[in-house]
Amino acid sequence: MLRALRVGVLALLFLAFLDPRWPMPGRVVYLLDFSPSARESVFALADRLPRDGLYVAFAERAVKLPSPTARRLDLGEATNLKAALQEAEALKPARVVLVSDGLFDPIPAPFPLDALYVPPKPHVDVRLVPPPYPLQGETVGVGVVLEAPLPVEARLRVEGPGGMWERGLRVEGLKSLVYTFPLTGEAEVRAAVEGSWGRSEARVSLRPADRGRALVLGDAALARYLEAQGFQVEEGPFRLPLEADLVAVGLGVLDLPEGAPEALRDYLRRGGGLLFTATPRGLFFGGWDRALPEDLPLKPLGRKGAALVLVLDVSGSMEGEKLAMAVAGALELVRSAAAEDYLGVVLFSSSHRVLFPPRPMTEQGKKEAESLLLSVRAGGGTVLGPAFREAVRLLRGVPLERRGVLVLSDGLISDPQGPILELAEASGLEVSAMALGPDADRAFLEELSRRGGGRYYQAATARELPRLFLREGQEVFQGERLEGRFPLQAKPHPLTEGLAPPPLAVLLPARAEPWAQVILESEGRAVLALGERGEGRVAALATDLSRSWRGWEGAAPFLGGLARYLMGSGKALGLYAYPEGNGVRAVVLGRLEAPLFLSGGKEVPLVPTGPARHEVWVGEAGVLLDGKRRIPLAPPLPGEWAPREGKEVLRAMAEASGGKLLTLEDLGRPVAAPLPLRPYLLALALALFLLERFGEARRGFPR
């Protein structure tokens, strides 16, 4: 008997090693897709599903169902397959069958998964995708995204600040449209799409993320237009540093503090936006074509030119700072002259000397004049008559209508004054005079300018001379303004698409520099030209906005668009997201320092892909970081109705897990759930072993 027990124990252990299993009917869990795209097809199939299974319904949430015909419409409007798989795994199934349309991203199943495909509902879903970083006054585009898993005819209506548009269309897969309008405050856009399948709606609210800052100097009309477009407008004063996104200049060089031209040039080169307008004190009248000749896109057209001879006191009293500042002022005259202008210099002390006769201020002429002026030295008395007569003689040979003399002195004139005053009155020239310091013969110089029909200047210190010289040059070398009715023609440019501006009332005849692009012209004359200098953009408008475009409703939107274009190189104005694969490609247009995209606790650097352009691929919402700036980015990821090859998605998931794609006929087949016998065999072997030990103990056998 005990021997038989030992044999039985060994036999049971051997069988347990082989791990035999007993066939038994298995538990089947059916995952029913109750998301909006699949629920109707699943409901229609419910009566044909086996009654002996376990049922889990899922959309955004997953719940157990008492039967396949039970319906739940409260599980959300999206698809969360992960929650469904977790609910099924908790039920310890022998088999899992996923009944779905496959309109989701596939994920790996933790067990063998079979799948049954049902067609999605014919439907068009509409979503509105706002711009990630809309600016106040910017013309923004709201993306209208239509998704249809099956081809379907639909009618779309969109309403918002840009008006209402309605259209019929066929949606097959993914279709995107753009609804545009100027964003001047908080706004709402609504969309509805209808068809035989029903109706879908969406709405989105927009709020400006930032407002452009404009510093407007001397052009009140432009300031009002920009304010109407939502800009933060400050009308002066000019102060450093220039922190605005755009500086609009309607004043002259001499109306601004000393050093303003250099500051504006640096601001432009570092990425700022500059706009010059032709107010009565701006553009050519303000001398900007002379102060910033390399950075102004327009130059005067058909300027006749003028001639000026500077009669400069170089007596002993001028030695030192006075002469240095007088030479600096003369150099300003040289630099402010155009190629068609003539400039000459006659020096006087005890005698006179022609430093150089009137000559055209070409580039070569300017270089020679500057070199000669820097060689001037002081010494001697103050005899003006011969030098003044020589200046008048030199100008008689200059072939220009406008001719003038500018006399500068810091002391008393020692020769007779009567003949000089008589010559000034009879010469037919514009004679101006400049008194330097308290010892100058002010009475004589003032009378000289009055008799000569020119202007009188008084400089208390030598440091005032350069700006006074520049003012005189501005008076003499002035441009021409036309008044009338000047029709406009728009040239191809994004700013002029669909633009039909009315005629101008005032026009400064101008031509564009070779590096500039003309976008508005009038009968061959440039009206608006723009270009890039350094990292910034600059434009010049050859009309006075206080007189032109009054009453034209398109003026503010056009000028606002021009301002945004000019400031675009110095401000991150563009942030766009494009679907790509399972995520989106975000494109940022604008100057950024060290941009990062923060999402899910991870920092992803943006890759520079061009001038003022960075890109990054992201799979979920996050925040764009650039210095102190934080810009939320919500990418337009695929929605519930995103078109996919649902059947192939299910097939791939099933085969990857060891399952297969089923048909309806496959659902009723019994499922075996083999029962492992090893635990039972080991328990029986243990019982026999204990029984054997007990028998041996009763018979008194030794261990």
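Residues numbered from 1 in each chain as written. Predicted model: local features only at pLDDT ≥ 70, side-chain atom pairs only at ≥ 80, totals over all residues. Heavy atoms only, no water.

With that settled, the discussion passes to the overall build of the chain. Tallying secondary structure elements over the chain gives 15 helices and 41 strands in all. Residue burial in the chain is summarised as follows: out of 703 residues, 52% are buried. Pairs at least 24 residues apart make up 66% of the contacts formed inside the chain by residues separated by at least 6 positions. (Helix = DSSP H or I, 4+ residues; strand = E, 2+ residues; numbered from the N terminus. Buried < 20%, exposed > 50% of the residue type's maximum accessible area, 1.4 Å probe, protein only. Contact = heavy atoms within 4.5 Å.)

Now for helix H4 (residues 220-228). Residues of H4 that are buried: Ala 221, Leu 222, Ala 223, Tyr 225 and Leu 226. Residues of H4 that are buried in the fold lie against strand S14 (213-217), strand S15 (232-234), strand S16 (246-249), strand S17 (273-277) and helix H13 (555-567).

Counted by the stated rule, this structure contains seven aromatic pairs. Pairing Phe 276 with Trp 288 gives two aromatic rings, centres 5.4 Å apart and planes at 50°, and the pair type is tilted. Taken together, the residues Phe 276 in strand S17 and Trp 288 in helix H6 (residues 288-291) connect sequence positions twelve residues apart. Its relative accessible area of 0% is what places Trp 288 among the buried residues. (Phe/Tyr/Trp six-rings, centres within 6.5 Å; stacked < 30°, edge-to-face > 60°.)

The subject of this paragraph is the packing of helix H7 (residues 321-336) against helix H8 (residues 363-373). Packing of H7 against H8 brings their axes to within 10 Å, and their N-to-C directions diverge by 175°. It follows that H7 is roughly antiparallel to H8 by the angle criterion. Packed against H7, whose contacting residues are Val 327, Ala 330, Leu 331, Val 334 and Arg 335, the element H8 presents Lys 366, Ala 369, Glu 370 and Leu 373 at the interface. Taken together, the residues of the contact of H7 with H8 break down into six nonpolar, no polar and three charged. (Axes fitted to C-alpha atoms, helices over the stretch in contact; angles between N-to-C directions. Parallel < 35°, antiparallel > 145°, perpendicular 65-115°, else oblique. Nonpolar A, V, L, I, M, F, W, Y, C, P; charged D, E, K, R; others polar.)

The next point concerns the pattern of salt bridges. What the rule picks out here adds up to 37 salt bridges. Asp 295 serves as the salt-bridge partner of Arg 265, at 3.5 Å between the closest nitrogen and oxygen. Placement of Arg 265 in helix H5 (residues 260-269) and of Asp 295 in the loop between H6 and strand S18 (298-300) is noted, with a sequence separation of 30 residues between them. You can call Asp 295 buried: its relative accessible area is 3%. (Salt bridge = Lys/Arg side-chain N within 4 Å of Asp/Glu carboxyl O.)

Take the sheet that holds strand S21 (residues 352-360) next. Reading across the sheet, the six strands line up as S21-S20-S19-S22-S23-S24 and stay open at both edges, with mixed pairing between neighbours. At either margin of the open sheet sits one strand with a lone partner, and together these are S21 and strand S24 (453-459). Direction aside, the axes of adjacent strands within the sheet are offset by 15° on average. Bridge count between strand S23 (residues 430-436) and S24: five bridges; the pairing is parallel. Its bridge partner being in S24, Val 431 is matched across the sheet by Gly 453. Across the sheet, H7 lies against strand S19 (307-313), strand S20 (342-348), strand S22 (403-409) and S23, angled at about 175° from S19, the strand it touches most. Where H8 meets the sheet, its contacts fall on S20 and S21, and the angle it forms with S21 comes to roughly 165°. (Pairing = 2+ DSSP bridges.)

This part covers the nonpolar core. Membership of the largest hydrophobic core comes to 69 residues, with the highest contact counts inside it found for Phe 276, Trp 549 and Phe 558. Counting residues per element, this core draws most heavily on H13, which supplies eight residues. For Phe 276, the residues in contact, after removing those within four places along its chain, are Val 249, Leu 283, Trp 288, Leu 292, Leu 296, Val 538, Ala 539, Ala 540 and Leu 541. Residues Leu 312, Leu 331, Leu 343 and Leu 436 belong to the second largest nonpolar core, which totals 33 residues. (Core = buried A, V, L, I, M, F, W, Y, C linked by side-chain atoms within 4.5 Å.)

On to the environment of Arg 547. Summarising the element assignment, Arg 547 is placed in the loop between strand S31 (536-541) and H13. Sequence spacing of Arg 547 and Thr 279 is 268 residues, and the spatial spacing of their C-alpha atoms is 9.4 Å. Other than its neighbours up to four places away in sequence, Arg 547 contacts Glu 483, Ala 505 and Val 506.

Two elements in contact, H4 and H13, have axes whose closest approach is 8 Å; the angle formed by their N-to-C orientations is 85°. When the axes of H4 and H13 are compared, the pair comes out roughly perpendicular. Between H4 and H13, the contacting residues are Leu 222, Tyr 225, Leu 226 and Ala 228 on the first element and Ala 555, Ala 556, Leu 559, Gly 560 and Ala 563 on the second.

The topology assignment puts Glu 615 in strand S37 (residues 613-618). At 3.4 Å, the side chain of Glu 615 and the side chain of Thr 609 are in polar contact. Excluding residues that lie within four positions of it along the chain, Glu 615 makes contacts with Arg 585, Ala 586, Val 587, Leu 606, Val 607 and Thr 609. (Polar contact = N/O pair within 3.5 Å; in protein donor to acceptor, adjacent residues only side chain to side chain.)

Listing the buried residues of helix H3 (residues 81-89) in full gives Leu 81, Ala 84, Leu 85 and Ala 88. End-on view of H3: buried residues confined to an arc of 95°, all on one side of the axis. Looking at the buried side of H3, the elements it contacts are strand S2 (28-33), strand S3 (54-58), strand S4 (62-65), strand S5 (95-100) and helix H14 (646-657). (Arc of directions from axis to C-beta.)

An order of S15-S14-S16-S17-S31-S30-S29-S26 is seen for the eight strands of this open sheet, with the pairing classed as mixed. Of all strands in the sheet, those with a lone pairing partner are S15 and strand S26 (489-490), marking the two edges.

Right, let's talk about the pairing of S4 for a bit. Each regular strand carries side chains that alternate between the two faces of the sheet. Where S3 meets S4, four bridges bridge the pair, whose relative direction is antiparallel. Bridge pairing links Ala 57 to Val 63 in S4. Linkage of S3 to S4, two consecutive antiparallel strands, is achieved through a turn of three residues.

What follows covers the environment of Ala 59. Note on placement: Ala 59 falls in the loop between S3 and S4. Judged by its relative accessible area of 0%, Ala 59 falls in the buried class. Put simply, Ala 59 and Leu 73 are 14 residues apart on the chain and 9.2 Å apart in space, counted from C-alpha to C-alpha. When neighbours within four sequence positions are excluded, Ala 59 is seen to be in contact with Phe 34, Ser 35, Leu 75, Gly 76, Ala 78, Thr 79 and Asn 80.

The next thing to look at is a nonpolar patch on the surface. On the surface, a cluster of nonpolar side chains totalling about 280 Å² of accessible area is made up of Leu 10, Leu 13 and Leu 682. Its place among the elements puts Leu 13 in helix H1 (residues 2-18). Relative accessible area serves as the criterion here: at 41%, Leu 13 is assigned to the partly exposed category. (Patch = residues over 30% accessible without salt bridge, like charges linked within 9 Å, V, L, I, M, F, W, Y side chains within 5 Å. Areas by Shrake-Rupley, 256 points an atom, 1.4 Å probe, with all protein chains shown as cover.)

So, about unusual backbone geometry. Along the chain, Gly 236 connects to Pro 237 via a cis peptide bond; the corresponding omega equals -5°. By the element assignment, Pro 237 lies in the loop between S15 and S16. Each neighbour pair has its own omega, and for Leu 240 with Pro 241 the value is 0°, a cis peptide bond. Even without glycine at this site, Glu 523 takes up a positive phi of about 50°.

The next thing to look at is the pairing of strand S29 (residues 517-522). Pairing analysis gives two bridges linking S26 to S29, with the strands arranged antiparallel. Across the sheet, Ala 490 pairs through a bridge with Leu 520, a residue of S29. Adjacent in sequence and paired antiparallel, S29 and strand S30 (residues 525-533) are bridged by two residues, among which Glu 523 carries a positive phi angle near 50°.

With that settled, the discussion passes to the environment of Gly 452. Checked against the element boundaries, Gly 452 lands in the loop between helix H11 (442-451) and S24. Separated by 22 residues in sequence, Gly 452 and Glu 430 have C-alpha atoms that sit 5.6 Å apart.

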